[in-house]
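Descriptive analysis of the structure
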Amino acid sequence: IDPSDVGRKYERLIRINSQSGKGGAAYVLENEFGYVVPKSMHPEIGDLVQALADSKQGEIVADELLKVFRDNFLDVKGPFVLEKMRVLPSVEGSDNVRAGLTVVINGRRTELEGEGNGPVSAAVHALNSHGAVFDFVLEEFSEQALGTTADATAVAYVGVRTAKSNRIYYGAGQDPNIDHAAVLAVFAALNKASRDIGK
């Protein structure tokens, strides 16, 4: 039947099974909500959606998929919170960028500064300089515009590898400023990593 005959759109449902979970989830995220998720993140999203489908013993609607994505990649709660990010004046004679971060780490507010070849690199260096943050490297980074107007929101996707676990944790960030979106994505990934690092 035509899904519109029963008041539905084909894209609003994901039929989850062992063959279609990963691709189906990514397809709906892109076509329903505009999130062009990198392929390296598809397996984790597929596993999360598969687990939800198994627990429901049925189909997942698009809004449930969006909640899975937000809870596990965009709005990840944990010990690291970014309150503010700003680009600082560069040191005279240096081509590097300096960034200042106001962060809350394990409930304590602190100011961090770092230097790198761009704002995101500077923010990563700032975090790595703080003793309460475990050592990590930014291994994957991509970005997109969510929308087509001049006021489009930026979305960034990152993969962070920690020295202790030697595995990659993926996060996403969304903000009108692409650099801020990228740093938010780093914080989301670090919060995910902290669940393992603390074990």
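Here the structure is shown first, and the text comes after it.
What you are looking at is a predicted structure, and each value in this text was computed from that prediction instead of being measured.

**Concerning the sheet that holds strand β3 (residues 80-88)**
In spatial order, the strands read β3-β4-β5; together these three strands make up an open sheet with antiparallel pairing. Looking at which strands have only one partner, the edges of the open sheet turn out to be β3 and β5 (108-116). Across this sheet, the average inter-strand angle for adjacent strands is 20 degrees, counted without regard to direction. Pairing between strand β4 (residues 97-105) and β5: nine bridges, direction antiparallel. Of the residues in β5, the one forming a bridge with Leu-101 is Leu-112. Along the sheet, helix α4 (residues 119-128) contacts β3, β4 and β5; its crossing angle with β5, the most-contacted strand, is approximately 130 degrees.

**Considering the sheet that holds strand β7 (residues 153-162)**
Strands sit in the order β6-β7-β8 across an open sheet of three strands; the sheet is antiparallel. Here the strands that pair on one side only, and so sit at the sheet edges, are β6 (136-146) and β8 (168-175). Adjacent strand axes in the sheet meet at a mean angle of 20 degrees when their direction is disregarded. In the sheet, β7 pairs with β8 via eight bridges, with the strands oriented antiparallel. The residue of β8 that forms the bridge with Ala-154 is Asp-175. On top of the sheet, helix α5 (residues 178-197) reaches β6, β7 and β8; it is set at about 145 degrees to β8, its chief contact.

**Here we look at the side chain of Thr-102**
Assignment of secondary structure puts Thr-102 in strand β4. At 2.9 Å, the side chain of Thr-102 forms a polar contact with the side chain of Glu-111. Setting aside anything within four residues of it in sequence, one finds Thr-102 in contact with Val-81, Leu-82, Glu-83, Lys-84, Arg-86, Arg-109, Thr-110 and Glu-111.

**A word on the side chain of His-180**
Looking at the secondary structure, you find His-180 in helix α5. Relative accessible area serves as the criterion here: at 19%, His-180 is assigned to the buried category. Here Asp-175 takes part through its side chain, which lies 3.2 Å from a polar atom of the side chain of His-180. Excluding residues within four positions of it along the chain, His-180 makes contact with Leu-82, Met-85 and Asp-175.

**What about the environment of Gly-159?**
Relative to the helices and strands, Gly-159 is located in strand β7. On the accessibility criterion, Gly-159 (0% relative accessible area) is buried. Considered as a pair, Gly-159 and Ala-189 are 30 residues apart in the sequence and their alpha carbons are 7.1 Å apart. Once residues within four sequence positions are removed from consideration, Gly-159 is found in contact with Val-137, Leu-138, Glu-139, Glu-140, Ile-168, Tyr-169 and Tyr-170.

**Side note on the pattern of salt bridges**
Tallying each qualifying case throughout the model produces nine salt bridges. Across the pair Asp-71 and Lys-67 runs a salt bridge whose closest N-O atoms are separated by 2.6 Å. Of the two residues, Asp-71 and Lys-67 are both situated in helix α3 (residues 62-74); the distance of four residues between them amounts to about one turn of the helix. Looking at Asp-71, the relative accessible area reads 34%, which means it is partly exposed. The residue Asp-75 makes a salt bridge to Arg-70 at a minimum N-O spacing of 3.0 Å. Of the residues examined, Asp-75 reaches a relative accessible area of 32% and is grouped as partly exposed.

**Observations concerning the packing of helix α2 (residues 42-56) against α3**
Relative placement of two packed helices is described by the angle separating their axes and the distance separating the axes. At a minimum axis distance of 10 Å, the contact between α2 and α3 shows a crossing angle of 125 degrees. Here α2 is positioned oblique relative to α3, judged by the angle of their axes. Judged by the twist between their axes, the crossing of α2 over α3 is right-handed. Along its contact with α2, which presents Glu-44, Ile-45, Leu-48, Val-49, Leu-52 and Lys-56, the element α3 presents Glu-64, Leu-65, Val-68, Phe-69, Asn-72 and Phe-73. In the contact of α2 with α3, the residues fall into eight nonpolar, one polar and three charged.

Reading the values: rules and limits
Residues numbered from 1 in each chain as written. Predicted model: local features only at pLDDT ≥ 70, side-chain atom pairs only at ≥ 80, totals over all residues. Heavy atoms only, no water. Pairing = 2+ DSSP bridges. Helix = DSSP H or I, 4+ residues; strand = E, 2+ residues; numbered from the N terminus. Axes fitted to C-alpha atoms, helices over the stretch in contact; angles between N-to-C directions. Contact = heavy atoms within 4.5 Å. Polar contact = N/O pair within 3.5 Å; in protein donor to acceptor, adjacent residues only side chain to side chain. Buried < 20%, exposed > 50% of the residue type's maximum accessible area, 1.4 Å probe, protein only. Salt bridge = Lys/Arg side-chain N within 4 Å of Asp/Glu carboxyl O. Parallel < 35°, antiparallel > 145°, perpendicular 65-115°, else oblique. Left-handed = near helix turned anticlockwise from the far one by under 90°. Nonpolar A, V, L, I, M, F, W, Y, C, P; charged D, E, K, R; others polar.

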